[in-house]
Amino acid sequence: MKKLIAEENMVHDRNSNRFLVVLVVLVFLLSAGRVFLANWLVESSDTLRRLDSEIAQQTTQNQNLAAQIRQSESLSLLENQAQAAGFVQTSKISFILPEPNVAFRL
């Protein structure tokens, strides 16, 4: 009987040791997974922050370029550049009409 009880205790101790080993391995794996996940989230956050910064910078640059295009296309700027180049504004508009017997390309 003592032998049977000793054998059951040994089996119980062996099972307890196995359970303890499995529990330690599980805790280690979960800890490593948590560290990995935390690092991945930090990297993702940094990437998103960098991309948001680049988007804001690109948007600002696009707005500045659009303003420059609007300015260079403005009629008042073109008129000032034409006057600076020596052109003058005329108040009389003349049209050249073709003679009836002369070929005129439209």
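Use the structure listed above.
Draft legend 1. Highlighting the overall build of the protein. What the protein contains, in helices and strands, is two helices and zero strands. Against the compact-globule benchmark of 13 Å for 106 residues, the protein has a radius of gyration of 43 Å, which places it well outside the compact range. Taken along its principal axes, the extent of the C-alpha atoms in the protein is 135 × 35 × 15 Å. Put simply, the protein shows about 10,600 Å² of open surface, and 63% of that area lies on carbon and sulfur atoms. Charged side chains of the protein number 10 positive and 10 negative; the gap between the two group centres comes to 9 Å.

Draft legend 2. Representation of a nonpolar patch on the surface within the structure. Together, F19, L20, L23, V24, L26, V27 and L30 make up an exposed nonpolar region whose accessible area comes to about 690 Å². Here L23 shows up in helix α1 (residues 2-73).

Draft legend 3. Spotlight on the pattern of salt bridges. Within this structure, the stated rule accounts for two salt bridges. Taking the shortest distance from any N to any O, the salt bridge between R49 and D46 comes out at 2.8 Å. With R49 and D46 both in helix α1, this residue pair falls three residues apart, about one helical turn. With a relative accessible area of 39%, D46 lands in the partly exposed category. Between R50 and E54 there is a salt bridge, with its nearest N and O atoms 3.1 Å apart. With a gap of four residues between them, R50 and E54 both fall in helix α1, about one helical turn apart.

Draft legend 4. Looking closely at the packing of α1 against helix α2 (residues 75-84). At a minimum axis separation of 5 Å, α1 and α2 run at an interaxial angle of 55°. Classified by the angle between their axes, α1 and α2 sit oblique to one another. Residues Q71, S72 and E73 of α1 lie in contact with α2, whose contacting residues are L75, L77 and L78. Tallied by class, residues from the contact of α1 with α2 come to three nonpolar, two polar and one charged.

Draft legend 5. Representation of the environment of N80. Along the chain, N80 turns up in helix α2. Judged by its relative accessible area of 47%, N80 is partly exposed.

Conventions and cut-offs
- Residues numbered from 1 in each chain as written.
- Predicted model: local features only at pLDDT ≥ 70, side-chain atom pairs only at ≥ 80, totals over all residues.
- Heavy atoms only, no water.
- Helix = DSSP H or I, 4+ residues; strand = E, 2+ residues; numbered from the N terminus.
- Rg over C-alpha atoms; globule rule 2.2 N^0.38 Å.
- Areas by Shrake-Rupley, 256 points an atom, 1.4 Å probe, with all protein chains shown as cover.
- Lys, Arg positive; Asp, Glu negative; His and termini not counted.
- Charge placed at Lys NZ, Arg CZ, Asp CG, Glu CD.
- Patch = residues over 30% accessible without salt bridge, like charges linked within 9 Å, V, L, I, M, F, W, Y side chains within 5 Å.
- Salt bridge = Lys/Arg side-chain N within 4 Å of Asp/Glu carboxyl O.
- Buried < 20%, exposed > 50% of the residue type's maximum accessible area, 1.4 Å probe, protein only.
- Axes fitted to C-alpha atoms, helices over the stretch in contact; angles between N-to-C directions.
- Parallel < 35°, antiparallel > 145°, perpendicular 65-115°, else oblique.
- Contact = heavy atoms within 4.5 Å.
- Nonpolar A, V, L, I, M, F, W, Y, C, P; charged D, E, K, R; others polar.

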